[in-house]
Amino acid sequence: MLAQYYNKGLIEAGCDEAGRGCLAGPVYAAAVILPSDYHNELLNDSKQLTERQRNTLRTQIEKDAVAWAVASVGNEEIDNINILRASFHAMNLAVKQLNKTPQFLLIDGNRFYNETQLPFQCIVKGDAKYLSIAAASILAKTYRDDYMQLQHSKYPVYGWNTNKGYPTSKHYDAIERYGITPLHRKTYALYRQKELEFN
């Protein structure tokens, strides 16, 4: 099972994001405070779980958590401030929306720009090491997937019901054929990189 805490005795919020590598849509982030003695053997990094497992765990996390919150930063702001800063901002927004103030933040990744006064620790692959970060990864991923599923009904040719905005062949094909939508990130490479042909 993943670790329950980083600092024994402190109220910790795990934080993670979803959607950094997508060509379209917002980046989502979540912050989760779990009970200090929390046990859930199924809870793991969202990338290691099936969609059904993630959705089942989301319901359980929302029921069991001391506090949880989800926030997002849209594609236009991503283009304005860059995806790294947008991801950090979304995490900070989620932390600020918690209805209980944590004493310490566990951040998935190797760096963080802190907009709060709270102490924090960055943990590489933290979503596979700490329960609270894994829980945050599941909430961020499932809420973002739900959003992209809704957008698929408006823009069905891009295949967002399956690729959720990530760069797949179908997504690139649709961009090349139909152009981009208001949800595409214009600072990203939205077209396939053509290899130079040498004769």
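Residues numbered from 1 in each chain as written. Predicted model: local features only at pLDDT ≥ 70, side-chain atom pairs only at ≥ 80, totals over all residues. Heavy atoms only, no water.

## Re the side chain of Arg185
And then number 1: Note on placement: Arg185 falls in the segment after helix H6 (169-178).
And then number 2: Buried charge without a partner: Arg185 forms no salt bridge, and the closest opposite charge is Asp79, 6.6 Å away. (Helix = DSSP H or I, 4+ residues; strand = E, 2+ residues; numbered from the N terminus. Buried < 20%, exposed > 50% of the residue type's maximum accessible area, 1.4 Å probe, protein only. Lys, Arg positive; Asp, Glu negative; His and termini not counted. Salt bridge = Lys/Arg side-chain N within 4 Å of Asp/Glu carboxyl O.)

## Some thoughts on helix H4 (residues 131-152)
And then number 1: Between its first and last C-alpha, H4 extends 31 Å over 22 residues, near the 32 Å set by a 1.5 Å rise per residue.
And then number 2: With 17 of its 22 residues buried, H4 lies for the most part within the structure. (Expected span 1.5 Å × (residues − 1).)

## Observations concerning the environment of Ala94
And then number 1: Within the secondary structure, Ala94 sits in helix H3 (residues 83-97).
And then number 2: In this structure, the C-alpha to C-alpha distance between Ala94 and Ile133, residues 39 residues apart in sequence, is 13 Å.
And then number 3: In this view, Ala94 contacts Ala29, Ala30, Ala31, Ala69 and Ala71; residues no more than four positions away in its chain are not counted. (Contact = heavy atoms within 4.5 Å.)

## Remarks on the nonpolar core
And then number 1: Cys15, Ile78, Leu98, Leu105, Ile107 and Phe112 are the most contacted members of the largest nonpolar core, which totals 36 residues.
And then number 2: Counting residues per element, the ones that place at least two in this core are strand S1 (12-18), strand S2 (27-33), strand S3 (67-73), helix H2 (75-81), H3, strand S4 (104-108) and H6.
And then number 3: With near-sequence residues (within four places) excluded, Leu98 lies in contact with Ala13, Ala31, Ile33, Ala67, Trp68 and Ala69.
And then number 4: Ranked by size, the runner-up nonpolar core spans 20 residues in total, among them Leu34, Ala65, Val70 and Ala136. (Core = buried A, V, L, I, M, F, W, Y, C linked by side-chain atoms within 4.5 Å.)

## So, the packing of aromatic side chains
And then number 1: If you walk through the whole model with that rule in mind, you get 8 aromatic pairs.
And then number 2: Taken together, the aromatic side chains of Tyr6, Phe104 and Tyr130 make up a single cluster linked through ring pairs.
And then number 3: Arg58 extends its terminal NZ or CZ atom over the ring of Tyr143, reaching a point 3.9 Å from the ring centre. (Phe/Tyr/Trp six-rings, centres within 6.5 Å; stacked < 30°, edge-to-face > 60°. Lys NZ or Arg CZ within 6 Å of the ring centre and 35° of its normal.)

## Considering the pairing of S2
Moving residue by residue along a regular strand, the side chains alternate between the two faces of the sheet.
And then number 1: The element S2 is largely enclosed, with a buried count of 7 among its 7 residues.
And then number 2: Where burial is concerned, the two faces of S2 agree: the one with Val27, Ala29, Ala31 and Ile33 and the one with Tyr28, Ala30 and Val32 are both buried.
And then number 3: Of the strand pairs in this sheet, S1 and S2 are connected by 5 bridges, and their pairing is antiparallel. Bridge pairing in S2 places Asp16 opposite Ala30.
And then number 4: Pairing of S2 with S3, which is carried by 7 bridges, proceeds in the antiparallel orientation. Across the sheet, Val27 pairs through a bridge with Val73, a residue of S3. (Pairing = 2+ DSSP bridges.)

## With respect to helix H1 (residues 51-64)
And then number 1: If you check H1, its first and last C-alpha atoms are 20 Å apart, about what 14 residues at 1.5 Å a residue would give, namely 20 Å.
And then number 2: The inward-facing, buried residues of H1 abut S2 and H4.

## A look at the sheet that holds S1
And then number 1: If you trace the 5 strands from one edge of the open sheet to the other, you get S3-S2-S1-S4-S5, paired in mixed fashion. On the outer flanks of this sheet lie S3 and strand S5 (120-123), each paired with one strand and no other. Sheet twist, expressed as the mean angle between neighbouring strand axes with direction ignored, is 20°.
And then number 2: By the bridge criterion, 4 bridges tie S1 to S4 in an arrangement that is parallel. Within S4, the position partnered with Glu12 by the bridge is Phe104.
And then number 3: Most of the contacts of H3 go to S3, to which it runs at about 145°, and overall it touches S1, S2, S3 and S4. (Axes fitted to C-alpha atoms, helices over the stretch in contact; angles between N-to-C directions.)

## Comments concerning the environment of Thr50
And then number 1: Tracing the backbone shows Thr50 in the loop between S2 and H1.
And then number 2: By relative accessible area, Thr50 is classed as partly exposed at 44%.
And then number 3: Taking the C-alpha atoms as reference, Thr50 lies 25 Å from Tyr5; in sequence the two are 45 residues apart.

## Some points on the confidence of the model for the protein chain
And then number 1: Looking at the protein chain as a whole, the pLDDT averages 94, with 96% of positions reaching at least 70.
And then number 2: Contacts for the low-pLDDT stretch residues 195-199, under 50 throughout, to residues beyond four places or in other chains number 0 contacts. (pLDDT = per-residue confidence, 0-100.)

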